[in-house]
Amino acid sequence: MRRLLPHPLLTASLAILWLLLVNRLTVGHVVLGVLFGWVIPVVTSSFWPERIRIRHPLVLLRFLIVFVIDIVRGSFLVAGLILRGPRRLRPAFVEVPLALETDLAISLLANTISLTPGTVSAKLSADRRTLIVHTIDTGDAAALVVEIRQRYEAPLKKIFEQEE
């Protein structure tokens, strides 16, 4: 069964994503979405070195809600910063020490930061213990580190690394 359906959650997610992208709920699109959702994980299964296990699904849901809220909030904050003019910006590179250990969790953290307006993940240290983050406006770098660790890193650690 594992070879036929290697990642059931990914299959369902891809099928739903396809239906959202085409914005039509027809039998043909449902079949095509399920087909894409099945074929993509089967073809790419050799690239997945470890089995993904979501240890706390409710924490994942809360993380996604926080992430969406931060994207909306960040969009307005960045728009306000741009409208005020470049002279008031305080860009900075900030080092964020990492407690995450798995490649998946570190990658998701880096992508979450990059997808949130006003910040971008610039570099991961060779020992994978520090993430360099560029921010468009930083008043307090230490507060930014605390915010990233509390809002993103702690939930990701609980979702993907901590046992129940």
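What counts and how
Residues numbered from 1 in each chain as written. Predicted model: local features only at pLDDT ≥ 70, side-chain atom pairs only at ≥ 80, totals over all residues. Heavy atoms only, no water. Axes fitted to C-alpha atoms, helices over the stretch in contact; angles between N-to-C directions. Helix = DSSP H or I, 4+ residues; strand = E, 2+ residues; numbered from the N terminus. Parallel < 35°, antiparallel > 145°, perpendicular 65-115°, else oblique. Left-handed = near helix turned anticlockwise from the far one by under 90°. Contact = heavy atoms within 4.5 Å. Pairing = 2+ DSSP bridges. Polar contact = N/O pair within 3.5 Å; in protein donor to acceptor, adjacent residues only side chain to side chain. Buried < 20%, exposed > 50% of the residue type's maximum accessible area, 1.4 Å probe, protein only.

Q: So what exactly am I meant to see when it comes to the packing of helix α4 (residues 103–115) against helix α5 (residues 141–160) here?
A: Each pair of packed helices gets described by two things: the angle between the helix axes and the distance between those axes. It is at 10 Å that the axes of α4 and α5 come closest, and there the two elements cross at 150°. Compared by their axis directions, α4 and α5 come out roughly antiparallel. Read as a crossing pair, α4 and α5 show a hand that is right-handed. Listed contacts from α5 to Leu104, Ala105, Leu108, Leu109, Thr112 and Ile113 of α4 are Ile148, Tyr152, Glu153, Leu156 and Phe160.

Q: What exactly am I supposed to notice about the sheet that holds strand β1 (residues 92–97) here?
A: Paired through their backbone hydrogen bonds, the strands of a sheet run either parallel or antiparallel. Strand order in the open sheet made by the three strands is β1-β3-β2, with antiparallel pairing throughout. The open sheet has two free edges, formed respectively by β1 and β2 (119–124), since each of these has just one partner strand. For this sheet, the mean angle separating the axes of adjacent strands, direction not counted, is 30°. Two strands pair when backbone bridges link them, and β2 and strand β3 (residues 130–135) are joined in this way by five bridges, in the antiparallel orientation. By the bridge assignment for β3, Thr119 is matched with Thr135. Packed onto the sheet, α5 meets β1 and β3 and runs at close to 50° relative to β1.

Q: Would you mind showing me how to read the side chain of Ser121 here?
A: If you trace the backbone, Ser121 turns up in strand β2. Of the polar contacts made by the side chain of Ser121, one reaches the backbone oxygen of Ala110; its length is 2.7 Å. Those residues within four positions of Ser121 in sequence are excluded, and the remaining contacts are Ala110, Ile113, Ser114, Leu131 and Ile132.

Q: Would you explain the environment of Leu156 in this entry?
A: Topologically, Leu156 is positioned in helix α5. Using a relative accessible area of 1% as the deciding quantity, one classes Leu156 as buried. Each C-alpha atom, one on Leu156 and one on Ile106, is 8.6 Å from the other, the two residues being 50 residues apart in sequence. Apart from residues lying up to four places away in sequence, Leu156 is in contact with Phe63, Leu100, Ala105, Leu108, Leu109 and Glu161.

Q: When you look at unusual backbone geometry in this model, what are you seeing that I'm missing?
A: Outside of glycine, negative phi angles account for most residues, and trans bonds account for most peptide bonds. In this structure, Asn23 takes a positive phi of about 60° despite not being glycine. Locating Asn23 in the fold gives a position in the loop between α1 (8–22) and α2 (27–44). Of the residues examined, Asn23 reaches a relative accessible area of 67% and is grouped as exposed. Of note, Arg128 is a non-glycine position whose phi angle comes to about 60°, a positive value.

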